[in-house]
Amino acid sequence: MTSDRRGDYQELVDEISELLGAPATLENRDFELLAFGAYDSEGELDPSVLDPVRTRSILTRRSTAAVRTWFEGFGITRATGPVRIPRTPEAGVHRGRVCLPVRHRGVVLGYVWLLDYDPGPSEEQLAAAMGVTTRIGALLADEAQHGADLTRELRAVLGAEREGQRDLAVAELRTALGGRADGPYTLVCVAPWPSAAPEDTPSVRTVPGATALCTLPWGSADVSLALLMRLRASDALTPAATAAGRLLERVRARGAGHRPATIGPAATPQAAAGIATPRSGLAGLGEAWAEASAAARAAQAEPRLGPVARWSSIGPYRLLTALPRRAAPDPAVGPLLLPVHRELARTAETYLDRAGQAGRTAAELGIHRQTLYYRLSRIGQITGLDLDDGEDRLLLHMALKARRL
């Protein structure tokens with residue numbers, strides 16, 4: 001957010017604070033703080049009367065996913081007028097709230113919050129304050145539109161099917177970025193993302209360090225969120241990891257993409273994020289997106305790699321993610337992947353993960369060694385593979401890991 005725009009928001013929030021006779025705060029629809037009023041009347045800003053939710057919002061400039069879910073439960077995303085929210089100490093809300101939804105053309109873009117007091121603002125005061133929120137909504141919409149222009153260009157780069165198309169799209173993105181086109185960049189993939197609807201897509205302004213973002217297809221039915229991050233240095237990926245973690249919090253808050261991953265035909269991956277190897281500029285964004293997507297898929301397949309995985313850290317999945325998504329299972333291993341043999345498949349994978357060490361495998365599975373040896377014998381019978389043969393073991397291990405994807 002530019003300093004001029006921040007000043008515009010601050011002036012409008014101060015205007016609402018004066019109208020209502022109490023301090024107001026402005027958050028975007030992702031519950032990230034944009035401005036807060038400094039109005040003080042009879043100790044209204046005395047820390048003793050504040051609650052943890054408001055204090056944290058001001059100090060950290062954002063609210064937690066739990067707080068967001070709590071307040072959204074009162075219907076603020078659908079409301080067109082003021083919403084009163086009662087005090088709930090057990091939720092950390094020690095003071096009641098009045099929420100003024102900030103909308104533009106029917107879409108909620110943010111919220112103005114007021115600590116409730118007795119006797120509280122009159123209907124006339126609230127109506128006047130809602131008039132100010134209309135002006136705030138226009139500013140937020142203008143910002144969103146600015147981001148959308150760059151979003152289309154990023155989508156053109158990442159969605160290009162031919163090299164010539166991508167080169168042209170990169171040139172257009174470089175022109176749009178101007179001086180910001182230089183320097184190290186990386187791409188972040190968050191998948192699956194709740195939806196491609198504008199109201200579910202964050203503004204690039206609300207993600208620190210982000211230059212552009214867009215949604216792209218993910219599999220046959222889902223979408224992913226692509227985030228172009230400009231880095232301070234090529235070895236400083238912490239901002240990208242932080243942004244990915246916050247976006248995953250948003251996914252979890254919406255209750256989307258948080259499903260257990262299992263081996264088998266019915267497996268459905270949980271939400272995860274991947275980070276590509278940094279590039280010195282905008283060249284190679286197509287390859288970077290492939291890396292970020294692969295890292296996200298690996299984090300979905302192997303919880304130990306995620307929920308945020310870097311391409312450099314996913315090991316053999318750098319090769320396995322290059323396989324076609326719908327590749328048929330190896331004919332020898334296919335029978336082992338049937339639901340009836342799920343426990344045997346888990347045994348085989350654990351055994352191979354532990355380098356064929358029977359003691360470690362049995363301990364991890366919580367079974368006797370003789371039980372393990374029986375299962376390994378059954379695995380050999382079902383697949384026709386010799387687990388004492390290095391290439392057969394490699395084939396089985398790769399097939400089991402690939403099935404997770």
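This report concerns the structure included in the present document. (Residues numbered from 1 in each chain as written. Predicted model: local features only at pLDDT ≥ 70, side-chain atom pairs only at ≥ 80, totals over all residues. Heavy atoms only, no water.)

**A look at unusual backbone geometry**
Going from A191 to P192, the amide bond is cis rather than trans, its omega being -10 degrees. Mapped onto the secondary structure, P192 falls in strand 6 (residues 185–193). Geometrically, the link from G306 to P307 is a cis peptide bond, its omega value of 10 degrees lying close to zero. Its location among the elements puts P307 in the loop between helix 7 (285–301) and strand 10 (308–310). Despite not being glycine, R105 shows a phi value in the positive range, around 55 degrees. Turning to its location among the elements, R105 is positioned in the loop between strand 4 (97–104) and strand 5 (107–115). Positioned with a positive phi, A355 is a non-glycine residue whose angle comes to about 55 degrees. As for its placement among the helices and strands, A355 is situated in the loop between helix 9 (342–353) and helix 10 (358–365). (Helix = DSSP H or I, 4+ residues; strand = E, 2+ residues; numbered from the N terminus.)

**Let's talk about helix 11 (residues 369–383)**
Helix length check: helix 11 (15 residues) gives 21 Å between terminal C-alpha atoms against 21 Å at 1.5 Å per residue, within 8%. Buried residues in helix 11 make contact with helix 9, helix 10 and helix 12 (390–404). Positive phi appears at G384, one or two residues downstream of helix 11, with a value of about 75 degrees. (Expected span 1.5 Å × (residues − 1). Contact = heavy atoms within 4.5 Å.)

**Regarding the side chain of T321**
By the element assignment, T321 lies in the loop between helix 8 (317–320) and helix 9. In this structure, T321 is in contact with A294, R297, W311 and L405, ignoring residues within four places of it in sequence.

**Observations regarding the pattern of salt bridges**
Summed over all chains, the structure comprises 12 salt bridges. Ionic pairing is found between R304 and E302, a salt bridge with its closest N-O pair at 3.6 Å. For R304, a relative accessible area of 64% translates into the label exposed. Residues D353 and K401 are paired through a salt bridge, measuring 3.2 Å at the closest nitrogen-oxygen approach. In this pair, D353 sits in helix 9 while K401 sits in helix 12, placing the two residues 48 residues apart along the sequence. Residue K401 is classed as buried on the basis of its relative accessible area of 8%. Shared partners join several salt bridges into a network, and the residues in it are E302, R304, E349, D353, K401 and R404. (Salt bridge = Lys/Arg side-chain N within 4 Å of Asp/Glu carboxyl O. Buried < 20%, exposed > 50% of the residue type's maximum accessible area, 1.4 Å probe, protein only.)

**Details of the environment of R252**
Looking at the element boundaries, R252 is found in helix 6 (residues 238–253). As a C-alpha pair, R252 and Q270 span 18 residues in sequence and 9.9 Å in three-dimensional space.

**Focus: the sheet that holds strand 10**
One key point about sheets: their strands pair by backbone hydrogen bonds, in either a parallel or an antiparallel sense. A sheet is described by the order of its strands in space; here five strands give the open sequence 7-8-6-9-10, paired in mixed fashion. With one partner strand each, in any of the chains shown, strand 7 (210–218) and strand 10 form the two edges of the open sheet. Averaged over all pairs of adjacent strands, the angle between strand axes in this sheet comes to 20 degrees, irrespective of strand direction. Strand direction decides the pairing type here: strand 6 and strand 9 (residues 272–275), joined by four bridges, are antiparallel. (Pairing = 2+ DSSP bridges. Axes fitted to C-alpha atoms, helices over the stretch in contact; angles between N-to-C directions.)

**Observations regarding the packing of helix 10 against helix 11**
The N-to-C vectors of helix 10 and helix 11 enclose an angle of 100 degrees; their axes lie 9 Å apart at closest approach. Comparing their axes, helix 11 and helix 10 come out roughly perpendicular. Residue-level inspection shows A358, G359, T361, A362 and L365 of helix 10 in contact with helix 11, the latter providing R369, L372, Y373 and R375. In terms of residue class, the contact of helix 10 with helix 11 is made up of five nonpolar, two polar and two charged. (Parallel < 35°, antiparallel > 145°, perpendicular 65-115°, else oblique. Nonpolar A, V, L, I, M, F, W, Y, C, P; charged D, E, K, R; others polar.)

**A short note on the packing of aromatic side chains**
Inspection of the entire model under this criterion finds five aromatic pairs. Between Y111 and W113 the ring centres are 6.1 Å apart and the planes differ by 45 degrees, which places this aromatic pair in the tilted class. Assigned by exposure class, Y111 and W113 land together as buried. Each residue in the set F31, F71, Y111 and W113 is aromatic and connected to the rest through ring pairs, giving one cluster. (Phe/Tyr/Trp six-rings, centres within 6.5 Å; stacked < 30°, edge-to-face > 60°.)

**What to know about the packing of helix 9 against helix 10**
Between helix 9 and helix 10, whose axes approach to 9 Å, the crossing angle comes to 135 degrees. With respect to helix 10, the axis of helix 9 lies oblique. Where helix 9 crosses over helix 10, the handedness of that crossing is right-handed. Counting all contacts with helix 9, which are made through R346, T347, T350 and Y351, the residues of helix 10 involved are T361, E364 and L365. Considering only residue class, the contact of helix 9 with helix 10 consists of two nonpolar, three polar and two charged. (Left-handed = near helix turned anticlockwise from the far one by under 90°.)

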